[in-house]
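Structural description and commentary
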Amino acid sequence: FVALYILFLLKNPIYFSVKLFIIGCSYSAKGGVKCLSWLALTAVSLSVGQCRALWSYGDAEKMLACYISVCVYDPILHTHTLNACAGYHRCSVDFQGREAGDMTGAGAEDDIPLGERKTVTDFCYLLDKSKQLFNGLRDLPQYGHKQWQSYFGRTFDVYTKLWKFQQQHRQVLDNRYGLKRWQIGEVASKIGQLYYHYYLRTSETSYLNEAFSFYSAIRQRSYYYQVNKEDRPELVVKKLRYYARYIVVCLLLNKMDLVKVLVKELSEEIEDYTQRFNTEDQLEWNLVLQEVAAFVEADPVVVLNDENTVVFTSNRLQEGGVPQLEQGMVVGQLTLADALIIGNCNNQVKFSELTIDMFRILQALEREPVNLATTTSKPGTLEPSEKPAKRENPHKYLLYKPTFSQLYTFLSASFKELPANSVLLVYLSATGVFPTGRLDYEGPYDFGGVLTNTNRDVVNGETVQKRNQAQKEMHCLHPGDLFPFTRKPLFVIVDSSNSTAYKNFTNLFGQPLVCLLSPTVYPKSMQDQSQRGSLFTLFLYCPLLAFLSVCGLSSLRQGLWEKAEEFLHKVYRDIGQMITRSQAIDQAFLQFYGDEFLRLLLIRFVFCSATLRLHKLFRESRSFPESYPQLPKQDTVESSLLQKHVLELAAMLDVRSLFWDGTLDVNY
């Protein structure tokens, strides 16, 4: 043994041969003979690539030889290879168990054609490899643009092969492996999840359509239909999770009619699940139902066609939806590249860690999706290897109730990777944190800010103070926290009860900087609707929807809706001219005006401010949006032309009595 140990240290080929033979014999009766036949090839298989080549033949003994070569010559890969071999062995045992159940007699194993055995073995390898790669996705960094791309590519490649393989060999897999339809549905569901997560990483809305196509196929082909007949609650949970993911994709694609159907089906599935199995997650699934139902009903106004059926409209950026730049108009060439969308409002409607405000601003920063199959030269392929020539949408991070450290990590990552001549947008929809006292010197940390997530108790929406009153709030994003990031162009939107804290910015580095700030006080009638989303964000998402809501209208005919939308396009064009032709406007607004998304946000902000200033219910100055730098009011929000447009729209909708006359002095 001492001699063999010394030989092992020297990696002597003789010892390696003996050890291989012994292990082969212990693996199976004929393993030793097979290992001898593969010894020469194994001895030179010293690289991982060669080992995988041996493994791909699907023979257990070859796999064992490959494993030994990796362990001896590359111990670093020992653990990874061992896990892979274990997965292979489980699949092999499962297959052999099916053989034993399907056939009898001493020669049953030999009756299976070699080609069919190889088909099942290859399927087992692809299935196990796909699971490994998919589970590894959660270990990838959530921020950054480059670290995850190669891993996603490998995962898509394996799932592409797995999906095509099961299609081409379905009969063999049904007969020899016992492939069930829910297992096919599970593969399709994983591919749908891949496309959805790829959308989250790239913000390319085309991939939402790809996710939808796979989720839709699962339902149409009833892949999960037989699950309810099996006494396995974990399979039913897979089905319920599939429904929840399908609903999220449909919400993002504004397929609200289908969402209502899916919610009804999910409700029935949950009821059946809770009746059959006494599980602890019953309340959790009922909460999912309540959340999605509230999310669907969050819009304050519905559009009805002639048959009194609700018509759902998309509010993503569409072709021709933004006023074009006039010839000779001098604006900046900046492009919105990254956006952080942060939601931390107490008691606001949400679904799947997406509040209604986050959902709305998310769509305001996206173009209408197109079918990916029509934009690539390889229709049907699952790997998103071909991307549009330029990024159509800004990259987005969705942060639901982040801690300060999480928020700052993502903010720093976006700042670091921001390309030249690009803009970083930060959207904050969060509960306000107010200062506890006044000091002689009022700096960027003396005005409070917005709340970040904390483990402290929240009582009636107000945080319980457990600190020295002279200290600053620790779980808060103060205006001063954003100062380091003003070294690059920064566009901030704050929708909070303490949004005015961000008026006190100082542009230290001379880069373009704009903050759009929500009202801090709303009329009582508006406060009652706060759970269904903020009025300010609603204006930035869909001004007509917000205008109808502030006028107390709950429904509108489709024809009148389209007429009002057409009128608003004219209003947008006039607002754009007000901004670009003003002699008193800060140059920061013009620097951002060149980007279509930011241009539309600025125009909608001006329309929102003008509307609320004329509305009779909004009488306090705190009820009006503000900005940093301030807009020249006479040229924009209090322009006589814009006031005339607001009153014309009100008259069109028969709510003219809710607004002051345009000649009224509304300087506050």
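Calculation notes
- Residues numbered from 1 in each chain as written.
- Predicted model: local features only at pLDDT ≥ 70, side-chain atom pairs only at ≥ 80, totals over all residues.
- Heavy atoms only, no water.
- Helix = DSSP H or I, 4+ residues; strand = E, 2+ residues; numbered from the N terminus.
- Contact = heavy atoms within 4.5 Å.
- UniProt positions renumbered as here; feature names shortened; annotations may be inferred.
- Buried < 20%, exposed > 50% of the residue type's maximum accessible area, 1.4 Å probe, protein only.
- Pairing = 2+ DSSP bridges.
- Axes fitted to C-alpha atoms, helices over the stretch in contact; angles between N-to-C directions.
- 1 Å grid on protein atoms, 1.4 Å probe; cavity = no way out; pocket = protein on both sides within 12 Å on 5 of 7 lines; lining within 4 Å.
- Points joined across faces, edges and corners; volume = space filled by probe spheres on them.
- Nonpolar A, V, L, I, M, F, W, Y, C, P; charged D, E, K, R; others polar.
- Expected span 1.5 Å × (residues − 1).
- Core = buried A, V, L, I, M, F, W, Y, C linked by side-chain atoms within 4.5 Å.
- Phe/Tyr/Trp six-rings, centres within 6.5 Å; stacked < 30°, edge-to-face > 60°.

As named in an unreviewed UniProt entry, the protein chain is Suppressor of cancer cell invasion, taken from Oncorhynchus mykiss.

To continue, consider the side chain of Thr 355. Within the fold, Thr 355 resides in the loop between strand S3 (335–344) and helix H16 (356–364). With near-sequence residues (within four places) excluded, Thr 355 lies in contact with Phe 295, Gly 343, Gln 348, Val 349, Lys 350 and Tyr 400.

Okay, the UniProt feature "coiled-coil region" (unreviewed entry) in the protein chain next. When the UniProt feature table is mapped onto this chain, "coiled-coil region" (unreviewed entry) is found at residues 256–283. Helix makes up 82% of residues 256–283 and strand makes up 0%, while its end C-alpha atoms are separated by 25 Å.

A few words now on the environment of Gly 178. Among the secondary structure elements, Gly 178 is positioned in the loop between helix H10 (170–177) and helix H11 (181–202). Under the relative-accessibility criterion, Gly 178 is labelled partly exposed at 22%.

So, about the sheet that holds S3. Taken together, the six strands give an open sheet; going across it, the order is S4-S3-S5-S11-S12-S14, and neighbouring strands pair in mixed fashion. Here the strands that pair on one side only, and so sit at the sheet edges, are strand S4 (395–400) and strand S14 (626–628). Going across the sheet, the axis of each strand differs from the next one's by a mean of 10°, ignoring polarity. Against the sheet, helix H17 (residues 404–417) touches S3, S4 and strand S5 (422–430), its axis set at about 175° to S3.

Take the layout of surface pockets next. Computed from the structure, the largest pocket encloses a volume of approximately 1800 Å³. What lines the largest pocket is a set of 46 residues, and nearest its centre among them are Tyr 196, His 197, Leu 200, Ser 352 and Glu 353. Elements represented by at least two residues in the lining of the largest pocket include exactly H11, helix H13 (233–252), helix H15 (282–296), H16, S4 and H17. For the lining of the largest pocket, a count of residues per class yields 25 nonpolar, nine polar and 12 charged. Counted as a void, the second largest pocket has a volume near 820 Å³.

Right, let's talk about helix H14 (residues 256–276) for a bit. An α-helix turns once every 3.6 residues. As a result, residues three or four positions apart point the same way. With 21 residues, H14 should cover 30 Å at 1.5 Å per step; its first-to-last C-alpha distance of 30 Å lies within 8% of that length. If you follow the buried residues of H14, they end up packed against helix H12 (206–220), H13 and H15.

The subject of this paragraph is the nonpolar core. Of all hydrophobic cores here, the largest spans 155 residues; its most connected members are Leu 251, Leu 425, Phe 491 and Phe 547. Dropping the residues within four chain positions of it, Phe 547 is found in contact with Phe 539, Phe 607, Thr 611, Val 646, Leu 649, Ala 650, Leu 653, Val 655 and Phe 659.

Moving on: the environment of Lys 570. With respect to the secondary-structure elements, Lys 570 resides in helix H21 (residues 558–581). Considered as a pair, Lys 570 and Pro 323 are 247 residues apart in the sequence and their alpha carbons are 8.7 Å apart.

Take the packing of aromatic side chains next. Counted by the stated rule, this structure contains 33 aromatic pairs. Arranged with centres 4.9 Å apart and planes meeting at 85°, the rings of Tyr 198 and Tyr 207 form a pair that is edge-to-face. This pair shows no difference in class: Tyr 198 is buried, exactly as Tyr 207 is. The rings of Trp 148, Phe 152, Phe 156, Trp 163, Tyr 195, Tyr 198, Tyr 207 and Phe 214 are connected pair by pair, giving a single aromatic cluster.

This next bit is on empty space enclosed by the protein. Summed over the entire model, instances satisfying the criterion amount to one cavity of 30 Å³ or more. When its volume is computed, the largest cavity comes out at roughly 40 Å³. The element contributing the most residues to the lining of the largest cavity is H13, with three residues.

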